[in-house]
Amino acid sequence: MKSKSLVSIDQCSKEDILRILNNARKFEANPNRKVLEGKVAATLFFEPSTRTRLSFETAVNRLGGRIIGFSDASTTSSSKGETLKDTILMVSNYADLIIMRHYLEGAARYASEVTNVPIINAGDGANQHPSQTMLDLYSIQKTQGRLTGLTITMVGDLKYGRTVHSLIVGMSHFNPTFKFVAPEELKMPDEQKNFCDNHGIKYQEYTEFTEDIINNTDILYMTRVQRERFTDMEEYERVKNVYILKNDMLKNSRDNLRIMHPLPRVNEIAYDIDDNPKAYYIQQAHNGLFARQAIICDVLNIPVED
Ligand code: CP
């Protein structure tokens, strides 16, 4: 039987998402459960990461499992020319679960096709970041008390930002309205807009980031301009500081507004926002631990007790 992997959020039904979020809530109540005793998880990070890798590794540790892996692919035999297929087959000899971040779009799906060990996609190029989406959905549900009928404004690099691409798909089950704020060069790609059109999801596009947009928003999802995806550094310099959220822009925002960001931030959220009770990005990253514990148990078919 082919193993269960999480390579893309679009493989998750609404029921799958709600089950994983419910299990994340159980892990938040009690994160230390020894359900992975005797199991080994491998974290293969071909791209840099702080939150995703460390929260996955914390999740495995708190579940009683063990971790192998690397955070710098230049120290591995891939730097000698070993293919991704061979790397995955080797690690499959050692681990019960592979958590992988890779710079190539489609790398996680490919990995899932060459091994029977479950693969969790920890980000593949500008494509998908499904575990981020699960923690984003958990954060939205926690802060809003619901997932349905919310207005979500996405700001910044909507072209290369895999977190926003995944979040559109994850939210598609819950009748969202999206506002996409991006410079022309970093507009939401047609693929995601076609997805919205085909699923009857309302969206508007803007190039100006105005208070009027903020005042009609439940979740303000800020993103970093992804320098590492640009081939033209002059273009990056032109757009890198295009939107900076400052405290005074929030003065007429809704009481329930929460500011999210997948992090890392560069300049797009001023530091004075950190003390605003509507800032939620640090708690959002904390929620990643519980969401990832729930995802690990889901792919390994481990039941989560109350
Ligand atoms: N949000 C996120 O993916 O952060 P890292 O790149 O630090 O893992």
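Because the structure is a prediction, the values reported are computed rather than measured.

## Observations regarding the overall build of the protein chain
Line of reasoning, step 1. When its secondary structure is counted, the protein chain shows 10 helices and 9 strands.
Line of reasoning, step 2. Expected size for 306 residues packed as a compact globule is a radius of gyration near 19 Å; at 19 Å, the protein chain falls within 12% of this value.
Line of reasoning, step 3. Here the C-alpha coordinates of the protein chain stretch approximately 55 × 50 × 40 Å along the principal axes.
Line of reasoning, step 4. Here the protein chain, with 306 residues, has 57% of them falling under the buried criterion.
Line of reasoning, step 5. Carbon and sulfur atoms make up 46% of the accessible area of the protein chain, which amounts to about 13300 Å² in all.
Line of reasoning, step 6. The averaged location of the 40 negative side-chain charges in the protein chain is 5 Å from the averaged location of its 37 positive side-chain charges.

## Structural notes on the sheet that holds strand 8 (residues 219-222)
Line of reasoning, step 1. Read across the sheet, 5 strands follow the order 7-6-5-8-9 without closing on themselves; strand pairing throughout is parallel. At either end of the open sheet lies a strand with only one pairing partner, and these are strand 7 (202-206) and strand 9 (258-260). Each strand of the sheet is rotated relative to its neighbour by a mean of 20°, with strand direction disregarded.
Line of reasoning, step 2. Where strand 5 (residues 151-155) meets strand 8, 4 bridges bridge the pair, whose relative direction is parallel. Within strand 8, the position partnered with threonine 153 by the bridge is leucine 220.

## Some thoughts on the domain arrangement of the protein chain
Line of reasoning, step 1. When the domains of the protein chain are assigned, the result is domain 1 (9-128 + 288-299) and domain 2 (130-285).
Line of reasoning, step 2. Here the C-alpha centroids of domain 1 and domain 2 sit 25 Å apart.
Line of reasoning, step 3. With 31 residues of domain 1 at the interface, the matching set in domain 2 holds 25 residues.
Line of reasoning, step 4. A combined buried area of about 2300 Å² lies between domain 1 and domain 2, and 62% of that area is made up of carbon and sulfur atoms.

## Here's the deal with the sheet that holds strand 4 (residues 119-124)
Line of reasoning, step 1. One open sheet accounts for 4 strands, arranged 2-1-3-4; its pairing is parallel. Where the open sheet ends on each side, the last strands, each with one partner, are strand 2 (66-70) and strand 4. Between one strand and the next, the sheet's axes are offset by a mean angle of 15°, whatever the strand orientation.
Line of reasoning, step 2. By the bridge criterion, 5 bridges tie strand 1 (residues 40-45) to strand 2 in an arrangement that is parallel.

## Some details on the packing of helix 1 (residues 14-29) against helix 10 (residues 281-299)
Line of reasoning, step 1. Viewed as axis vectors pointing N to C, helix 1 and helix 10 meet at an angle of 120°, and their least axial separation amounts to 8 Å. By the angle between their axes, helix 1 is oblique relative to helix 10. Helix 1 and helix 10 meet at a crossing whose hand is right-handed. Across from Arg19, Ile20, Asn23, Ala24, Phe27 and Glu28 in helix 1, the residues of helix 10 making contact are Asn287, Phe290, Ala291, Gln293, Ala294, Ile295, Cys297 and Asp298.
Line of reasoning, step 2. Each residue belonging to the contact of helix 1 with helix 10 can be placed in one class, and the counts come to 8 nonpolar, 3 polar and 3 charged.

## Observations concerning the site of the ligand
Line of reasoning, step 1. By nearness alone, every residue bordering the ligand is listed as Ser49, Thr50, Arg51, Thr52, Arg101, His129, Gln132, Pro262 and Leu263.
Line of reasoning, step 2. Contact between the ligand and threonine 52: an oxygen atom at 2.6 Å from a side-chain N or O atom of the residue.
Line of reasoning, step 3. One of the side-chain nitrogen or oxygen atoms of histidine 129 is found 2.9 Å away from an oxygen atom of the ligand.
Line of reasoning, step 4. Within the complex, 92% of the 250 Å² of free accessible area of the ligand lies under protein.
Line of reasoning, step 5. Here the shell around the ligand is built from residues that sort into 2 nonpolar, 5 polar and 2 charged.
Line of reasoning, step 6. The residues that make up the shell around the ligand include at least three from each of domain 1 (9-128 + 288-299) and domain 2 (130-285).

## Considering the nonpolar core
Line of reasoning, step 1. Ranked by size, the top nonpolar core spans 55 residues in total, and within it Met134, Ile140, Met154, Met171, Phe178 and Ile296 carry the most contacts.
Line of reasoning, step 2. Each of domain 1 (9-128 + 288-299) and domain 2 (130-285) gives at least three residues to this core.
Line of reasoning, step 3. Each residue touching phenylalanine 178, except ones within four places of it in the same chain, is listed here: Ile152, Met154, Leu167, Ile168, Met171, Cys196, Ile201, Lys202, Tyr203 and Gln204.
Line of reasoning, step 4. Counting residues in each nonpolar core, the second largest holds 18 residues, with Ile214, Met222, Leu263 and Ile273 among its members.

## Quick notes on helix 7 (residues 190-198)
Line of reasoning, step 1. Residues of helix 7 that are buried: Gln192, Lys193, Phe195 and Cys196. All buried residues of helix 7 fall inside an arc of 155° around its axis, so they share one side. Away from its buried face, by an angle of more than 90 degrees, helix 7 presents the exposed residues Asp190, Glu191 and Asn198.
Line of reasoning, step 2. On its buried face, helix 7 sits against helix 6 (162-171), strand 6 (177-181) and strand 7.
Line of reasoning, step 3. Positive backbone phi, at 65°, marks glycine 200, one or two positions downstream of helix 7.

What counts, and at which threshold
Residues numbered from 1 in each chain as written. Predicted model: local features only at pLDDT ≥ 70, side-chain atom pairs only at ≥ 80, totals over all residues. Heavy atoms only, no water. Helix = DSSP H or I, 4+ residues; strand = E, 2+ residues; numbered from the N terminus. Rg over C-alpha atoms; globule rule 2.2 N^0.38 Å. Buried < 20%, exposed > 50% of the residue type's maximum accessible area, 1.4 Å probe, protein only. Areas by Shrake-Rupley, 256 points an atom, 1.4 Å probe, with all protein chains shown as cover. Lys, Arg positive; Asp, Glu negative; His and termini not counted. Charge placed at Lys NZ, Arg CZ, Asp CG, Glu CD. Pairing = 2+ DSSP bridges. Axes fitted to C-alpha atoms, helices over the stretch in contact; angles between N-to-C directions. Domains from an automatic or database assignment. Contact = heavy atoms within 4.5 Å. Buried area = accessible area lost by both parts, 1.4 Å probe. Parallel < 35°, antiparallel > 145°, perpendicular 65-115°, else oblique. Left-handed = near helix turned anticlockwise from the far one by under 90°. Nonpolar A, V, L, I, M, F, W, Y, C, P; charged D, E, K, R; others polar. Near = heavy atom within 4 Å. Polar contact = N/O pair within 3.5 Å; in protein donor to acceptor, adjacent residues only side chain to side chain. Core = buried A, V, L, I, M, F, W, Y, C linked by side-chain atoms within 4.5 Å. Arc of directions from axis to C-beta.

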